[in-house]
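# Geometric and topological summary
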Amino acid sequence: MNKALESLLDLLDLERIEQDVFRGRSRSAVVPRVFGGQVAAQALVAAGRTVPADRFAHSLHAYFLVAGDPGAPIVYTVDRIRDGRSFTTRRVVAIQHGQPIFHLSASFQTYEEGLDHQADMPPAPDPETLPTAAEMLPRYADAFVDPKVVTRLLEAREAVDLRYVDAPPFAFVGEPQPPRSQVWFRTNGKLDGSTEGAEHLLHVCLATYVSDMTLLDSVLLAHGRGGWAVGDVVGASLDHAMWFHRPFRADEWLLYDQESPSASGGRGLGQARIYTRDGQLAITVIQEGVVRVPR
């Protein structure tokens, strides 16, 4: 396990202030605001710590309200909406400087047998055949207004081994592409334990963290707009939803198959499916974000 992953795990280990109140810190990001995936993952940690260990997160729905300040702690307050026989519901509000910056609703369920079917996993090359971020990203340094962005990207992602199946959006400036993108990802090191109880929550929260990294790339690909740090696009996550279908490990390869069905009104929509390497559909993700270009 590298130091970056240790740092990320420490970031997700929130401080409990009161029974349903937690405090979290932030880490450096590519842009001068708190990374949305971090807030979503920390909020899910807070919710999960108020739920019995035999209930597993199966969905979350969240809104990003205000850009977070990376220099200030974030306080997460948990509202115990419902504790039913099979389902548990929690609402979490993230607060900075006395102001809500994010809120999340999450649902947890005891394990049940039931009907089972899934969409087939799309074809993708083996992740070992693809270049690492450290090998690939420096090739595109000239695409950025500030080449130091490559260094910040690598630092922000060094806890995760994330590999693009095709080139990233900043390889196609001025060249519209089909609005689809695939990446393989896993943590940069093995995690202790199984995927039961608290360990299950950790894997789900790590996948939540990574899910905000590349989902809206397919919006940019459709318009040849390069990337959020290239200089011609302003973007930010607005809302985020995830459904957790089947068990998975965040330290084993997961295929993130992403596409954008629509962009309009200064917003872009991304939707995706995350598969385990053996083809199990583990997660569905949908996100809308601000996507603005200069007038």
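Residue numbers restart at each chain and count upward from 1, following the sequence in its written direction. The predicted origin of the model limits local features to residues at a pLDDT of at least 70 and limits the giving and counting of side-chain atom pairs to 80 or more, whereas totals for whole chains, interfaces and linings rest on all residues. Only hydrogens and water are set aside when side-chain values are computed; all heavy atoms of the structure are taken into account.

### Points about the overall build of the protein
- Numbering of helices and strands starts at the N terminus; helices are DSSP runs of H or I of at least 4 residues and strands are runs of E of at least 2. A tally of helices and strands in the protein yields six helices and 12 strands.
- For a compact globule of 295 residues, the expected C-alpha radius of gyration is about 19 Å, and the protein comes in at 18 Å, within 12% of that figure.
- Each of the three principal axes of the protein carries a C-alpha extent, and together these read 55 × 45 × 40 Å.
- Residues classed as buried in the protein amount to 51% of the 295 residues present.
- Methods summary: accessible areas were calculated by the Shrake-Rupley approach with a probe of 1.4 Å, and residue burial reflects only the protein chains presented. Here the protein displays about 13,900 Å² of accessible surface, and carbon together with sulfur accounts for 51% of that area. In this treatment the radius of gyration is a C-alpha quantity, and the globule benchmark scales as 2.2 Å times the residue count to the 0.38 power. The classification of residues rests on relative accessible area computed with a 1.4 Å probe and restricted to protein chains. Under 20% of the type maximum is buried, over 50% is exposed, and intermediate values are partly exposed.

### Topic: the packing of aromatic side chains
- Here a Phe, Tyr or Trp ring, Trp counted by its six-membered ring, pairs with any other such ring whose centre lies within 6.5 Å, and the pair is stacked when the planes are under 30 degrees apart, edge-to-face when over 60, and tilted otherwise. Under the counting rule described, the total for this entry stands at four aromatic pairs.
- Ring geometry for Phe-35 versus Tyr-209: centroids 5.1 Å apart, planes at 80°, classification edge-to-face. Of this pair, Phe-35 sits in the loop between β2 (21-24) and α2 (36-48) while Tyr-209 sits in helix α5 (residues 197-214), placing them 174 residues apart in sequence.
- In this structure Phe-35 comes out as buried when scored by relative accessible area, which is 18%.

### Observations regarding the confidence of the model for the protein
- Confidence scores labelled pLDDT are given residue by residue by the predictor and lie between 0 and 100. Averaged over every residue, the pLDDT of the protein is 91; the share at 70 or more is 93%.
- Looking over the protein, one finds the lowest element-wise mean pLDDT in helix α4 (residues 148-157), namely 78, and the highest in strand β5 (residues 87-96), namely 98.

### Description of the pairing of strand β10 (residues 254-264)
- Two strands are said to pair when DSSP picks up at least two bridges between them. Relative to β10, strand β8 (residues 180-187) runs antiparallel, the two being bridged by six bridges. Counterpart to Ser-181 in the pairing with β10 is Gln-258.
- Where β10 lies against strand β11 (residues 267-276), nine bridges are found, and the strand directions are antiparallel. Bridge assignment links Leu-255 to a residue of β11, and that residue is Tyr-275.

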